[in-house]
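# Overview (structure and organization)
Here is what each chain is made of, one letter per residue.
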Amino acid sequence: MGRTRRTYRKAYGVRLLLSHHPEVRKLKRFNSPSVHGNKFWKSSWLLMDYLNRRGFPEGANVMEVGCGWGLLGIYCAKKYGARVTGVDIDSEVFPYLNLHAEINQVEIATLKKGYDRLRGNHLQEVDVLLGADICFWEELAQPIKRLILRALRAGVKLVLIADPGRPPFEEIGEHFVNKRGGALLDWTAQRPRRSEGRILKIGNIEDCGL
Ligand SMILES: C[S@@+](CC[C@H](N)C(=O)[O-])C[C@H]1O[C@@H](n2cnc3c(N)ncnc32)[C@H](O)[C@@H]1O
């Protein structure tokens, strides 16, 4: 008898449905993300691993930008009781986010906005701004840099962006290391499989003081 093909992965307490899971396949018939939000990207594991080791305040207001399927925000809601908003320019990703929120038994708010459209009023209640695998085109470097600057001006206390280390990410990272006391960290997560990448950190978890 052949082995059954696994349709999900579980790590850091969250469950990720794989592309061939029947519920994901059902969504794919009607929802087609078009800006690379068609799957889960693995830099989110790096940030889950980082937060798992460093700790995270209970009940923080978290915004995950370029959220796609939203697993990183779901992790924060599930493990730390965070109030999370997932932001993406492509509303076709939200059914995948909602499905994952449901199977992980958390509630996540969603907001359809591009990075340049997130203004002070969207950011002023946010404690922590997160993003994983969002710096994948050169033309995204400036909008993301401007978004981070607006977030810091609005009082966001901690910004964490993870990436495999693509050139636009490094450009953003160097800017914030030189001008805003940010740090670029090499990071390796061992779960669900070994993955390596870089984390840009601006601010301190301790400053969230919740
Ligand atoms: C490579 S995917 C990563 C998705 C998710 N963060 C993950 O790790 O699985 C990039 C995401 O950014 C979104 N995106 C692309 N350009 C954007 C923009 N200008 N403003 C907001 N979201 C954007 C895409 O729709 C997509 O969901």
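For the structure itself, look to the data block above.
Procedures and definitions
Residues numbered from 1 in each chain as written. Predicted model: local features only at pLDDT ≥ 70, side-chain atom pairs only at ≥ 80, totals over all residues. Helix = DSSP H or I, 4+ residues; strand = E, 2+ residues; numbered from the N terminus. Contact = placed C-beta atoms within 7 Å. Near = placed C-beta within 6 Å. Nonpolar A, V, L, I, M, F, W, Y, C, P; charged D, E, K, R; others polar. Core = buried A, V, L, I, M, F, W, Y, C linked by C-beta atoms within 7 Å. Buried ≥ 20, exposed ≤ 12 C-beta atoms within 10 Å, placed from the backbone. Pairing = 2+ DSSP bridges. Axes fitted to C-alpha atoms, helices over the stretch in contact; angles between N-to-C directions. Expected span 1.5 Å × (residues − 1). Arc of directions from axis to C-beta.

Before going further, it helps to spend a moment on the overall build of the protein chain. Of regular secondary structure, the protein chain possesses seven helices and nine strands. Projected onto the principal axes, the alpha-carbon positions of the protein chain cover approximately 60 × 35 × 30 Å. Contacts spanning at least 24 positions in sequence make up 72% of the contacts within the protein chain whose residues lie at least 6 apart.

Among the 23 residues in the neighbourhood of the ligand, the closest are listed as Val 35, Gly 37, Trp 41, Gly 66 and Gly 68. Split by residue class, the shell around the ligand holds 13 nonpolar, seven polar and three charged.

Attention now moves to the nonpolar core. Ranked by size, the top nonpolar core spans 62 residues in total, and within it Leu 47, Leu 129 and Val 159 carry the most contacts. Broken down by element, this core gets its largest block of residues, six residues, from helix 3 (residues 71–80). Aside from chain neighbours lying at most four places away, what touches Val 159 is Leu 129, Ile 148, Ala 151, Ile 202 and Gly 203.

Spatial strand order, 5-4-3-6-7-9-8: seven strands in an open sheet with mixed pairing. The sheet terminates laterally at strand 5 (109–112) and strand 8 (183–189), the two strands that pair on one side only. Across the sheet, the mean angle separating the axes of adjacent strands is 20 degrees when strand polarity is ignored. In this sheet, strand 7 (residues 158–163) lies alongside strand 6 (residues 128–132) in parallel orientation, the contact comprising five bridges. Along strand 7, the bridge assignment pairs Gly 131 with Ile 161. Against the sheet, helix 2 (residues 43–54) makes contact with strand 6, strand 7, strand 8 and strand 9 (195–203), and its axis sits at roughly 60 degrees relative to strand 9, the strand it touches most.

For the rest of this paragraph, the subject is helix 7 (residues 167–180). With 14 residues, helix 7 should cover 20 Å at 1.5 Å per step; its first-to-last C-alpha distance of 19 Å lies within 8% of that length. Taken as a whole, helix 7 has its buried residues at Phe 169, Ile 172, Gly 173 and Phe 176. Buried residues of helix 7, viewed axially, fall in a sector of 100 degrees; they line one side. Pointing more than 90 degrees away from the buried face of helix 7 are the exposed residues Pro 167, Asn 178 and Lys 179.

Turning to the pairing of strand 1 (residues 8–11), a few remarks are in order. Where strand 1 and strand 2 (residues 14–17) come together, four bridges link them in antiparallel fashion. By the bridge assignment for strand 2, Tyr 8 is matched with Leu 17. The turn joining strand 1 and strand 2, which pair antiparallel and follow one another in sequence, is formed by two residues; a positive phi near 55 degrees is taken by Tyr 12.

On to the pairing of strand 9, then. Note: strand 7 against strand 9, six bridges, orientation antiparallel. Looking across to strand 9, one finds that Val 159 is bridged to Ile 202. In this structure, strand 8 lies alongside strand 9, joined through seven bridges in antiparallel fashion. The residue of strand 9 that forms the bridge with Ala 183 is Lys 201. What sits between strand 8 and strand 9 in their antiparallel hairpin is a turn of five residues.

Here we take up helix 3. Burial analysis of helix 3 places seven of its 10 residues in the buried class, the great majority of the element. For helix 3, the full list of buried residues reads Leu 71, Leu 72, Gly 73, Ile 74, Tyr 75, Cys 76 and Ala 77. Those residues of helix 3 that are buried are in contact with strand 2, helix 2, strand 3 (61–65), strand 4 (83–88), helix 4 (94–103) and strand 6. Remark: Gly 81 follows helix 3 within two positions and exhibits a positive phi of approximately 60 degrees.

Let us look at the environment of Glu 170. Its place among the elements puts Glu 170 in helix 7. Sequence separation of Glu 170 and Cys 135 is 35 residues, and the distance between their C-alpha atoms is 9.0 Å.

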